[in-house]
Amino acid sequence: MPVRPLRPVDLARAVGVSPQQIRVYADAGILPHVPRSPAGYRTFDAAHLQALYAYRALARGHGPGTARDVMRAVHAGEVPRALALVDAGHALLHEQRASLRTTGEALAAVAEDAPSAPALPRARLRIGEVAAHLGVRTSALRVWEAAGLLTPSRDPVTHYRSYLPADVRDARIIHMLRQSHYLLAQIRPVLDDLRRSGGVGALRTALAQREAALDLRSRAMLEGAAHLHRCLTNPESAAEPR
């Protein structure tokens, strides 16, 4: 008994998008070549549905751009390139986990230091000196100040910004968290907790949230790999996503 061809709306319902989005996926090369009926309508089958599941799962773990490139490579017969892209995503995630551990250890050490600790400058510094000390641009310090994360005092005569050791410590914490892709709004509770109680509770919470986000990406990558494996070994089997 012949299998009924699938329509764009059938694929759309399977993953919760619009039929127009299915056409966009097809035109972008995310799905295999789509034949047309004698009347000119696109006709899809189980292989297209499986490719759709694979792309959507890969996009959750690797991002839409990488997922698109992986699927294009698969459909072009460039399987080694597709696998290399997937491997690169896993390697990047591993680097981010290692960076998070290093950042967490460094942040905890900085946060627990008293503002007069030897690692921090003891004198008042101007904005250019703080920027050079941290290895950032002065514009970054101004952005952090505008966001309310830094509150340097002003010299009563020159009106230049004047950074105390505690300000420099806070700037170091901001810089480290920004390097780990924290938003400015996520950094505020860390500094508030440190200034209010001298504790690092908010810092531990922020790091735990970042680790949880990486765990979700890791699971999504595993799901994407499973769907991709089905595409490569049995494209006609379009298992429902869990």
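Right above here is the structure, for reference.
Read on for an overview of the structure. (Residues numbered from 1 in each chain as written. Predicted model: local features only at pLDDT ≥ 70, side-chain atom pairs only at ≥ 80, totals over all residues. Heavy atoms only, no water.)

**Observations concerning the overall build of the chain**
This is how it is decided: Strands here are runs of E lasting at least two residues and helices are runs of H or I lasting at least four, both read from the DSSP assignment and numbered beginning at the N terminus. Note on exposure labels: buried denotes an accessible area under 20% of the residue type's maximum, exposed denotes more than 50%, and partly exposed covers the range between, all computed with a 1.4 Å probe on protein chains only. It only takes one pair of heavy atoms within 4.5 Å for two residues to be counted as in contact.
When helices and strands are counted, the chain shows 10 helices and 2 strands. A total of 242 residues make up the chain; the buried ones form 40% of that total. Sequence-distant contacts in the chain: of pairs separated by 6 or more residues, those separated by 24 or more amount to 61%.

**Brief notes about the nonpolar core**
Nonpolar side chains tend to gather and get buried jointly when the protein is soluble and globular. In plain terms, the rule: Only buried residues count toward a nonpolar core. Its members are Ala, Val, Leu, Ile, Met, Phe, Trp, Tyr and Cys residues joined through side-chain atoms within 4.5 Å.
Within the largest apolar cluster, 34 residues are counted, with the highest numbers of intra-cluster contacts made by L141, W144, I173 and L177. Mapped onto this core, the elements with two or more residues apiece are α5 (79-112), α6 (127-134), α7 (138-146), α8 (165-179), α9 (184-197) and α10 (201-233).

**Description of the environment of A54**
As for its placement among the helices and strands, A54 is situated in helix α3 (residues 46-62). The spatial distance from the C-alpha of A54 to the C-alpha of V70 is 9.7 Å, given a sequence separation of 16 residues.

**Things to note about α3**
The test is simple: A helix is expected to span 1.5 Å multiplied by its residue count minus one. Two N or O atoms count as a polar contact when they lie within 3.5 Å, although within protein this holds only if one can serve as hydrogen donor and the other as acceptor, and sequence-adjacent residues are included solely when both atoms are side-chain atoms.
Along its 17 residues, α3 runs 24 Å from first to last C-alpha, staying within 8% of the 24 Å computed at 1.5 Å per residue. The buried fraction of α3 amounts to 14 of the 17 residues, a majority that puts the element mostly inside the structure. Capping the start of α3, D45 holds a side-chain oxygen 3.0 Å from the backbone nitrogen of A47, two or three residues further along. In the segment just after α3, G63 is the residue with positive phi, at about 100 degrees.

**Some thoughts on unusual backbone geometry**
The phi torsion at H159 lies on the positive side, around 65 degrees, for a residue other than glycine. Within the fold, H159 resides in the loop between β1 (153-154) and β2 (161-162).

**A closer look at the pattern of salt bridges**
To be explicit about the condition: In what follows, salt bridge is the name for a side-chain nitrogen of Lys or Arg lying within 4 Å of a carboxyl oxygen of Asp or Glu.
All chains considered together, the criterion is met by 7 salt bridges. Put simply, R7 and D10 hold a salt bridge, and the shortest N to O gap is 3.0 Å. R7 gets classed as partly exposed once you look at its relative accessible area, which sits at 42%. For E145, the salt bridge goes to R161, with nearest N and O atoms at 2.6 Å. Here the residue E145 occupies a position in helix α7, and R161 occupies one in strand β2, the gap between them amounting to 16 residues.

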